[in-house]
Amino acid sequence: MLEVQNATKRFGGLIAVNQASLKAAAGSITGLIGPNGAGKTTLFTLISGFERPTEGRVLFEGQDISRDEPHIRAQRGIARTFQIVQPFAGLSVVENIAVGAHLRHARRSDAMARAQEVGRRVGLGPELDKSASSLTVAGRKRLELARALATEPKLLLLDEVLAGLNPSEIRDIIPVIRAIRDEGVTILMIEHVMQAVMNLCEQVYVLAQGKIIAEGPPAEVCDDPTVIEAYLGAGAAERLKREKVHA
Amino acid sequence: MTLRDIIPIILIVALLAFLPVFVTANTVLNFLVFTLIIALTAQGWNILAGFGGQFSFGHAAFFGTGAYAAALLQVRLGINPWVAFVIGAAAGALVGWVIGYLSFRSGLRGSYFALVTLAFAEVLRILANAATFTGGAAGVLIKLDVRPENFQFESRAAFFWIALALVGAVLVLTRWIERSRFGAQLVAVRENEAAAKALGVDTLRVKLGAITLSGAVTAAAGCLYAQYFLYVDANIAYGTWISVEAILAPIVGGIGTVFGPLVGAVALHGLGEITKLAAGSIPGIDLMVFGSLLVVAVAFAPDGILGLLRRFRRPAQPTGASRHA
Ligand SMILES: Nc1ncnc2c1ncn2[C@@H]1O[C@H](COP(=O)(O)OP(=O)(O)O)[C@@H](O)[C@H]1O
Ligand SMILES: [Mg+2]
């Protein structure tokens, strides 16, 4: 479905993404984890077309899309959410979602009907007619998800949609994400909430300082000493092991 | 768009159409026609800036192109004024597309876009003022030849109805924008361009569509102006005054709304006329009224007169979470 081949992104002297490769199989949920500043969001901008890779390619359904504009990629079936939410603040919730729905529905009435459906599905039913700017953090995250989903994507890129939610809100939204996958949408998600990663992802990639340092099923990856050190600093894996032995 | 969406438009236009039955004084009709021309100019601006968020400060570029095209095509090339009118509007669309292509392609927005449009209008003004084809500083005079097939009428009321029909047509066009995919995407561009792109909106195409329509509408107002006053020069056609009129009316009436430009034009010029009558001939008194009204609008009614009315109609609007609890 999606394949990133040796993608590199430089911002001046800074290398945000460094020779990163990853694959997301059709119908799967793939996780992308890593410390803050690792380059995860930048990798998403390369996949969704907001930035172009300095080197490397992005393949979608076998075709090189590295040079396509963002709206072309959306038409092909790639939808993204923004880590820093980007609502259409002056519009109502349902109007926000309808902009996404219009990608596949030309008529206003069809798009609005679809938007209501999608909105209810992600739990925004009671909020549909409110102004988007009146939503709470959790509501805004749901709105990001709803708008992306309304474009009827094949591949959904979720950038920390659970960040800032409380545990009960997270518990509510996990089944929604799984249900989206069960309908055949491939999902690639950046996530810090490990409970969700463990719960949802079949495959996980770990990005640190722009490089993919590990990949595999979530349980394996979390035990990987390189991964632990990337999060907690050099020597951390060793220390943890010693502590376990002593305990 | 359904019939129900345009019923208010039909009603208001029908009501206004009776005005010439009650007022027959030429000065009043002059005022009404002029106000409608301003409203039409502002309707064009409102499509681009009100719905699309692209604030032009140079709508004179379109108004002037329409005015000069209407005048020159008939005076220099002997083309029928009705045909010249259509070509004039099309020329405005073309100028809109070109300005849009040059500025939106290079990613100009906000005050940069505003400045570039202002610069285009100024360049056109200077060119029109210098070229011999446009009559230079002396301008172009359209020969008085009162025949309907010549777009000249014995009665000012006829002209009023034509201007009103155009304003009505653009009211319908704007309502269509409000109810269409194009409009939803245009508003999305205004609200957040990055988010719009992510949702598959071809933001360049949408902005180009808006500036092209906007240019055509404002140019149509310019054509009407030339045809009504039978005279055009660079400072009238491409002058900053008309760019300012195009902005003020929607801001006062209600930016990004269907009726805002019309309401604003009537309010501004109505009040301007009344003060002129009341205060006698103090020069610039109407401009002072304009200025004060603008300050009042920006400070107390950011959504214009229509926004104010809406607030009065629904005073107990519940806010936020309580509404569905
Ligand atoms: N547009 C940009 N210009 C310059 N530097 C950027 C830009 N976007 C991201 N960066 C930098 O790239 C690095 C990776 O950022 P990001 O991809 O947001 O990390 P993550 O999402 O993993 O936390 C950071 O050091 C960030 O400051
Ligand atoms: Mg990030």
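These numbers were taken from a predicted model, which means no experiment stands behind them. (Residues numbered from 1 in each chain as written. Chains lettered and ligands numbered in written order. Predicted model: local features only at pLDDT ≥ 70, side-chain atom pairs only at ≥ 80, totals over all residues. Heavy atoms only, no water.)

> What should I look at first to understand the UniProt feature "transmembrane region" (unreviewed entry) in chain B in this one?
All names here are of chain B. The positions UniProt marks with the feature "transmembrane region" (unreviewed entry) are residues 6-24, 57-75, 82-104, 124-146, 158-177, 208-230, 242-267 and 287-309. In this annotation, residues 82-104 is assigned 100% helix and 0% strand; the end-to-end C-alpha distance for the span is 33 Å. With 96% helix and 0% strand, residues 208-230 has end C-alpha atoms that lie 32 Å from one another. (UniProt positions renumbered as here; feature names shortened; annotations may be inferred. Helix = DSSP H or I, 4+ residues; strand = E, 2+ residues; numbered from the N terminus.)

> Would you mind showing me how to read empty space enclosed by the protein here?
Here the structure, examined in full by the defined rule, presents 1 cavity of 30 Å³ or more. Space inside the largest cavity adds up to approximately 40 Å³. Where the lining of the largest cavity is concerned, the elements lending two or more residues are helix H5 (137-150) of chain A together with helix H9 (193-198) of chain B. Of the residues forming the lining of the largest cavity, the biggest block, 3 residues, is contributed by H5(A). Looking at side-chain class alone, the lining of the largest cavity contains 5 nonpolar, no polar and 3 charged residues. (1 Å grid on protein atoms, 1.4 Å probe; cavity = no way out; pocket = protein on both sides within 12 Å on 5 of 7 lines; lining within 4 Å. Points joined across faces, edges and corners; volume = space filled by probe spheres on them. Nonpolar A, V, L, I, M, F, W, Y, C, P; charged D, E, K, R; others polar.)

> I would appreciate a short explanation of the layout of surface pockets in the present structure.
Unfilled space is identified by rolling a water-sized probe across the atoms. Of the volumes computed, that of the second largest pocket is approximately 300 Å³. What lines the second largest pocket is a set of 14 residues, and nearest its centre among them are A:Glu69, B:Phe104, B:Lys197, B:Thr203 and B:Leu204. At the level of elements, helix H2 (70-76) of chain A together with helix H5 (81-105), H9 and helix H10 (203-229) of chain B are the ones that each hand at least two residues to the lining of the second largest pocket. Within the lining of the second largest pocket, the residues separate by chemical class into 3 nonpolar, 4 polar and 7 charged.

> Before we go on, may I ask you to explain the side chain of B:Thr35 in this structure?
Residue and element names in this part refer to chain B. Mapped onto the elements of the fold, Thr35 is located in helix H3 (residues 26-51). Within the local environment of Thr35, its side chain forms a polar contact with the backbone oxygen of Phe31, the two atoms lying 2.8 Å apart. Among residues more than four places away in sequence, those in contact with Thr35 are Ala265, Val266 and His269. (Polar contact = N/O pair within 3.5 Å; in protein donor to acceptor, adjacent residues only side chain to side chain. Contact = heavy atoms within 4.5 Å.)

> Would you take a moment to explain unusual backbone geometry for this structure?
Most of the time, phi is negative for any residue but glycine, and the peptide bond is trans. Residues and elements named next belong to chain A. Unusually for a residue other than glycine, Gln19 sits at a positive phi of about 55°. In this structure, Gln19 sits in strand S2 (residues 14-24). In this model, Gln209 sits at a positive phi of 50°, which is unusual for a non-glycine residue. Residue position: Gln209 is located in the loop between strand S9 (203-208) and strand S10 (211-216).

> Just to check I follow, could you spell out the interface of chain B and chain A for this structure?
Tallying the contact residues gives 23 residues for chain B and 27 residues for chain A. Across the interface of chain B and chain A, roughly 2,000 Å² is buried in total on both sides, 65% from carbon and sulfur atoms. Our enumeration of links across chain B and chain A arrives at 5 residue pairs in polar contact (both at pLDDT 80 or more). Of all the elements in the fold, those that place two or more residues in the side of chain B that touches chain A are helix H7 (156-179), helix H8 (181-191) and H9 of chain B. With 6 residues, H8(B) is the single largest residue contributor to the side of chain B that touches chain A. Class assignment of the residues belonging to the side of chain B that touches chain A gives a composition of 10 nonpolar, 5 polar and 8 charged. (Buried area = accessible area lost by both parts, 1.4 Å probe.)

> Whenever I open this one, the coordination of the magnesium ion (ligand 2) confuses me. Can you help?
Ideal geometry at a metal centre: 109.5 degrees between donors when four sit tetrahedrally, and 90 or 180 degrees when six sit octahedrally. All names here are of chain A. The protein atoms donating to the magnesium ion (ligand 2) are Thr41 (OG1) and Gln83 (OE1), with metal-donor distances spanning 2.0 to 2.2 Å. Of the two residues, Thr41 sits in helix H1 (residues 40-48) while Gln83 sits in the loop between strand S6 (78-80) and helix H3 (93-101), which places them 42 residues apart along the sequence. Take Gln83: its relative accessible area is 30%, and that puts it in the partly exposed class. (Donors = N, O, S within 2.8 Å, 3.2 Å for Na, K, Ca; no water. Buried < 20%, exposed > 50% of the residue type's maximum accessible area, 1.4 Å probe, protein only.)

> Is there a simple way to explain the sheet that holds S9(A) in this structure?
Sheets are built from strands that pair by backbone hydrogen bonding, the pairs being arranged parallel or antiparallel. All names here are of chain A. What the 6 strands build is an open sheet, ordered S6-S7-S8-S3-S9-S10; its pairing is mixed. Of all the strands in the sheet, the pair left with one neighbour each is S6 and S10. Each strand of the sheet is rotated relative to its neighbour by a mean of 15°, with strand direction disregarded. The sheet contact formed by S9 and S10 spans 5 bridges and is antiparallel. Following the sheet pairing, Tyr205 is matched in S10 by Glu215. Sitting on the sheet, H1 is in contact with strand S3 (29-33), S6, strand S7 (155-159), strand S8 (186-190) and S9, with an inclination near 155° to S7. Across the face of the sheet, helix H6 (residues 167-182) comes into contact with S3, S7 and S8 while running at roughly 145° to S8. (Pairing = 2+ DSSP bridges. Axes fitted to C-alpha atoms, helices over the stretch in contact; angles between N-to-C directions.)

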